[in-house]
Every structure is written in structure tokens, then in C-alpha cells.
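Structural overview for review
Letter by letter, the chains look like this.
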Amino acid sequence: DVRVLGQLLLMQSVVTSLPDSAILPFVVQGLGDVPGVGRVEFHAEPLAVSPFRLRLVAGATDYGTLDFSVADAVVFAPYLNYIRNFVFMLSVILDERRQRQIIERHEHELEQQVAKRTAELVEERDAAHQYLDIAGVMLMALDSNGRIAMINKKGTQILGKPEDALIGTDWFGNFVPADEQTEVRKVFNQLMSGESQLVECYENGIVNARGQELTMVWNNVLLRNQAGVAVGTLSSAEDITGRKQVEKMLRESEQELRDIFEGVLDGILVADVATRKFLIGNPEICRMLGYTHEEIVGVGVTDIHPEQELPRVMEGFERQLRGEIRLVVDIPVVRKDGTVFYADIKAAPIRLGGKDAILGIFRDVTERMRAEEELRGRELRYEAVATSANDAVVTSDAAGRIVDWNPSAERLFGYAETEVIGQPLTLLMPQRFQDRHLDGMQRVQSGGERHFIGKTVELAGRRKDASEFPLEFSLANWTEGEGQFFTVIIRDISERKKQEQKIARLSRIHAFLSG
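Overview of the structure. (Residues numbered from 1 in each chain as written. Predicted model: local features only at pLDDT ≥ 70, side-chain atom pairs only at ≥ 80, totals over all residues. Heavy atoms only, no water.)

Here we look at the sheet that holds strand 12 (residues 340–352)
Across the sheet, which stays open at both edges, the five strands sit in the order 10-9-13-12-11 with antiparallel pairing between neighbours. With partners counted over all chains shown, the strands left at the sheet margins are strand 10 (278–281) and strand 11 (327–334), one partner each. Each strand of the sheet is rotated relative to its neighbour by a mean of 35°, with strand direction disregarded. Inspection of the sheet shows strand 12 paired to strand 13 (residues 355–364) by ten bridges, in the antiparallel sense. Within strand 13, the position partnered with L352 by the bridge is K355. Each of strand 11, strand 12 and strand 13 touches helix 11 (residues 310–321); the most contacted strand, strand 11, lies at about 135° to it. (Pairing = 2+ DSSP bridges. Helix = DSSP H or I, 4+ residues; strand = E, 2+ residues; numbered from the N terminus. Axes fitted to C-alpha atoms, helices over the stretch in contact; angles between N-to-C directions. Contact = heavy atoms within 4.5 Å.)

Structural notes on the pattern of salt bridges
What the rule picks out here adds up to 31 salt bridges. For the salt bridge of D143 with R147, the shortest nitrogen-to-oxygen distance reads 3.3 Å. With a relative accessible area of 36%, R147 lands in the partly exposed category. Each of E458, E472, R496, K497 and E500 takes part in salt bridges that share partners, so that together they form one network. (Salt bridge = Lys/Arg side-chain N within 4 Å of Asp/Glu carboxyl O. Buried < 20%, exposed > 50% of the residue type's maximum accessible area, 1.4 Å probe, protein only.)

A short note on helix 11
Counted at 1.5 Å a residue, the expected span for helix 11 with its twelve residues is 16 Å, and the 16 Å between its end C-alpha atoms agrees. Along helix 11, the residues that are buried comprise L310, V313, M314, G316, F317, Q320 and L321. Along the axis of helix 11, the buried residues cluster in a sector spanning 160°; they form a single face. Facing away from the buried surface of helix 11 by more than 90 degrees, the exposed residues are P311 and E315. On its buried face, helix 11 sits against strand 11, strand 12 and strand 13. At the exit of helix 11 stands G323, carrying a positive phi of roughly 80°. (Expected span 1.5 Å × (residues − 1). Arc of directions from axis to C-beta.)

Observations concerning the side chain of D330
Examined against the element boundaries, D330 turns out to sit in strand 11. There is a polar contact of 2.6 Å between the side chain of D330 and the side chain of R368. The contacts of D330, once residues within four sequence positions are left out, are R312, Y342, A343, D344, V365, R368 and M369. (Polar contact = N/O pair within 3.5 Å; in protein donor to acceptor, adjacent residues only side chain to side chain.)

As for the nonpolar core
Within the largest apolar cluster, 28 residues are counted, with the highest numbers of intra-cluster contacts made by V27, L31, L56, L66, F68 and I83. Ranked by the residues each element gives to this core, the list is headed by helix 4 (residues 80–134), at six residues. Those residues in contact with L56, other than ones at most four positions away along the chain, are L24, F42, T61, D62, Y63, G64, L66, V87, L90, S91 and L94. Counting residues in hydrophobic clusters, the runner-up holds 27 residues, among them Y291, I304, F317 and F341. (Core = buried A, V, L, I, M, F, W, Y, C linked by side-chain atoms within 4.5 Å.)

Here it is in C-alpha cells:
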């Protein structure tokens with residue numbers, strides 16, 4: 001009867017749009033209209049006795065039974081297979097909804113984990129800033145050429161120069177005793193090239209800008225980039241003539257963040273438990289692995305993983321088979337051409353064709369892993385810059401719009417980061433300087449002379465409350481991809497100006513009294 005088949009197809013279509021609570025009542029009512037059916041009932045737990053029963057089962061999940069009271073078996077018989085197919089599709093729809101709910105719950109949990117980790121990172125960053133401010137030892141980073149890349153307040157006091165005068169300075173030519181410079185620089189160059197090992201703790205002498213000879217106790221670590229190549233050193237140094245050595249070192253803690261991806265069917269493989277050979281694979285897994293459907297049948301579990309990783313892979317496989325776990329993550333998978341990608345694999349035991357089997361759902365997470373590595377690199381770079389920024393650091397793009405704003409800038413100007421990102425730099429300037437700034441930006445963009453790059457300049461700044469204050473800044477420009485950016489380091493010199501005015505006033509009084 002085409003009418004009945006059409007009714008079942010229509011019911012299947014309607015079910016997908018119904019709320020969960022309305023699905024089973026709608027199905028029970030619709031199936032009750034099939035010729036030969038007396039009554040249909042849904043039971044979450046199967047009845048002890050039922051004239052005719054169809055189970056709602058998807059994978060390992062049993063959603064209950066539909067119990068039929070058949071009024072006319074002869075009339076009902078032609079529709080039995082149609083009803084079985086309909087009940088199967090209904091089971092799939094119910095399972096997809098359950099999977100969607102699981103995904104939404106895990107997404108919510110992941111958001112909570114990210115929020116928690118973000119708060120922890122903020123606390124760690126703030127602790128790092130506080131450490132640099134209160135440290136009783138000199139903290140200094142050298143780049144691979146032996147130039148000072150970072151130094152803290154205590155270091156500027158020991159060396160006798162302000163930070164802006166020290167950054168970029170050749171350490172060996174300015175602060176190592178003249179008779180030791182050649183040998184110390186040679187050792188450093190060998191360290192950078194990998195020809196020698198780092199001496200983590202030692203004593204030696206330095207000569208500061210005031211000509212004082214100091215004996216320092218050094219503790220050192222080697223800085224490496226993502227490729228493992230040495231790019232510099234990070235050192236703490238204590239003047240052992242009278243200062244207490246600081247044992248607490250800045251520790252960085254990282255915790256890998258894992259994305260939880262469950263319930264989205266990407267590649268699907270079913271393996272025979274007895275032989276560990278694949279029985280069937282969907283088109284997506286064939287594409288991912290590079291096999292045709294005919295080729296994938298008969299390939300074994302051990303054939304699609306690197307040999308050196310098999311102990312870990314098979315341990316997870318066995319635990320999934322026993323039902324101890326459902327998901328294994330970051331598993332290396334070998335394609336037919338020998339290349340490797342990484343996947344999270346969700347698996348569960350099933351029965352297929354009378355055989356014990358295990359169904360695995362593969363999600364390619366290679367890009368996610370690369371993104372995590374890139375994110376960790378960005379975090380490290382950010383922390384290295386942030387911990388060395390005792391003054392306000394503001395970055396703008398080529399159009400003069402603010403794209404980065406550190407906490408010191410917020411304290412100095414009174415604007416929160418959310419208030420200034422995307423705003424023009426002129427927001428921080430008194431009106432009288434704005435036109436000159438815009439002219440300078442236009443000149444630089446057109447390839448003209450750069451007056452302020454690499455120089456320290458005194459101007460006035462404007463806070464959020466419209467008050468002005470004297471400042472000095474140094475400006476640098478850099479490129480990333482096709483974009484050009486400008487970073488300015490700003491220092492409030494209000495107190496210095498007050499002292500200068502006071503000295504000038506006293507000088508005038510002295511001159512008057514002396515005259």
C-alpha cells in the first residue's frame with residue numbers, strides 16, 4: 001500500500017523536527033494507524049509478554065520497545081519490513097539527539113576549563129610582573145649575539161644605566177672586564193653554536209657604568225626556540241658583596257589544553273575483534289587513509305599505526321574493547337602512502353554480521369595539534385615581552401590604530417584595553433600634537449624619513465580624564481606578513497620633571513644669593 005509507505009516516510013520526516021517529549025507519542029499514534037494494527041505502546045523496560053515487539057536500539061544504547069497488538073496478522077504482514085526500517089531510522093534519530101546532547105555538555109565543560117585556565121594564566125602573568133618588580137637580584141636576558149634583550153629594575157641599578165640605554169647594548173664589550181672579554185665572548189659563541197655546554201652556576205666579575213668592579217654569582221638557563229636551537233640566555237645575578245641571594249626563580253607552568261570532540265562522525269572503521277582486521281569502512285575513512293573501500297577490508301589495526309607507537313595504541317584499543325574507556329586521543333595514524341596524521345578515536349564494542357567487532361570513529365586533529373603548538377609559542381613570546389615591560393607598551397598598525405595595550409599602559413592612561421583597541425593613537429595625545437603625528441604617519445607610509453624610530457623623545461600625553469602629563473617614549477617598527485606595526489615604550493617622567501624644576505629654581509636662588 002503506497003499510502004502506508006508514504007505515511008511512514010512522512011512520519012520519519014516529521015520526527016526530526018519534533019521536540020524529544022513529542023516523538024514517541026507521535027510515533028505510537030502514527031503506527032497505530034497502520035492496517036492490521038490494533039494498538040501500539042512504548043515501554044522503556046520490555047514487558048514480560050508481548051504479542052509483537054520491536055526494540056529501539058542504536059549501537060550499544062537501548063531506548064526501549066514498541067509493543068504491537070496485531071488485530072489482523074494477514075493485513076499487517078506486508079508492512080512489517082517497512083515498520084522495521086522505520087523503527088531502525090527512529091533509533092538512529094534518537095541516538096543522534098543523544099549524541100548532540102553529549103556534545104553540547106562537553107562543549108560547556110570545555111568552555112569552563114578554558115575560562116579557568118585563562119584565569120590561571122592571568123594570575124601567573126601578574127605574579128611574574130610582581131616578581132620582576134620586587135626581585136632583589138639582577139635578571140637579564142641576552143640574545144644570540146650577546147646583546148641585552150631584557151633587564152629588570154635591579155639590573156639597571158647595578159649596572160648604573162636606565163633600561164632604555166641598556167637594551168641592545170653589547171654585554172661583553174661594556175660590562176665584562178677588558179682582560180676577560182675575548183675569552184668570555186668565545187665561550188658564549190660556542191654555547192650558541194652548540195659546541196659547549198651551559199655552566200648553570202658560576203662567579204665572575206663585572207664593571208658597571210660607574211666604573212665599579214663587582215663580583216657576581218650567576219645562575220643561567222639556555223633559551224631555545226621551537227626548533228630547539230639556542231637563541232640566548234636568561235640569567236640571574238647577585239652581588240655577593242652584601243646582598244642576599246634570591247633562590248626563588250621564575251617558574252613557568254604549562255598545562256596542555258585538550259579539545260574534546262565527541263559524537264561527530266568523521267571516519268568510521270569496524271574491526272573484527274578476533275582477527276583485528278577491518279570489516280568495513282565509510283568513504284571518509286577511505287579518503288583519510290588513502291585506501292579504496294575494497295582495499296580497506298582486510299587491513300589490520302596494526303597496519304595503520306607507526307610500529308613504535310603500537311604498544312600505546314594497542315593498550316588503548318584493548319581498554320576500549322573491554323569498555324573501560326570510550327575515547328583515545330592524539331593517536332598517530334599512517335596513511336597508505338606512509339604519511340602520518342593524528343586522530344582522536346572514539347570506539348565501542350558492537351555485533352556485526354554475527355561477529356564481535358569494535359566500531360571506531362576517527363576525527364583528524366592534526367591541525368588542532370599544530371594550532372596548540374603555535375598557541376604555546378605565542379604564549380611564550382608574549383610572556384617574554386610582558387615580563388620585560390616595566391613601562392607602558394602600546395602597539396599600532398600602519399593606519400595608526402591601537403592593536404595591543406599592556407597593563408602598564410592601562411595604569412598610565414586610565415583606559416582599559418577594551419576601550420582603546422582599534423582606536424587611533426591620537427586618543428593618547430593632546431590636540432596640539434595630533435596633526436604632527438598624522439603627518440608623520442603619512443610620511444612613513446609613503447617611504448619618507450622616520451624621525452623618531454630608535455630615538456628617545458619627550459612629549460606630553462593625555463589621560464582618559466583629559467589631564468596631561470610629561471612623558472618620554474622610544475619607537476620601533478616591525479612587520480608581520482604583509483602588515484607593518486609600530487611599538488612605542490612610554491615612561492611617565494612627571495616626577496623627574498618636578499625634580500628638574502626644583503633644581504632649576506634652587507639654582508636661580510643660589511645665583512641670586514651669590515650675586
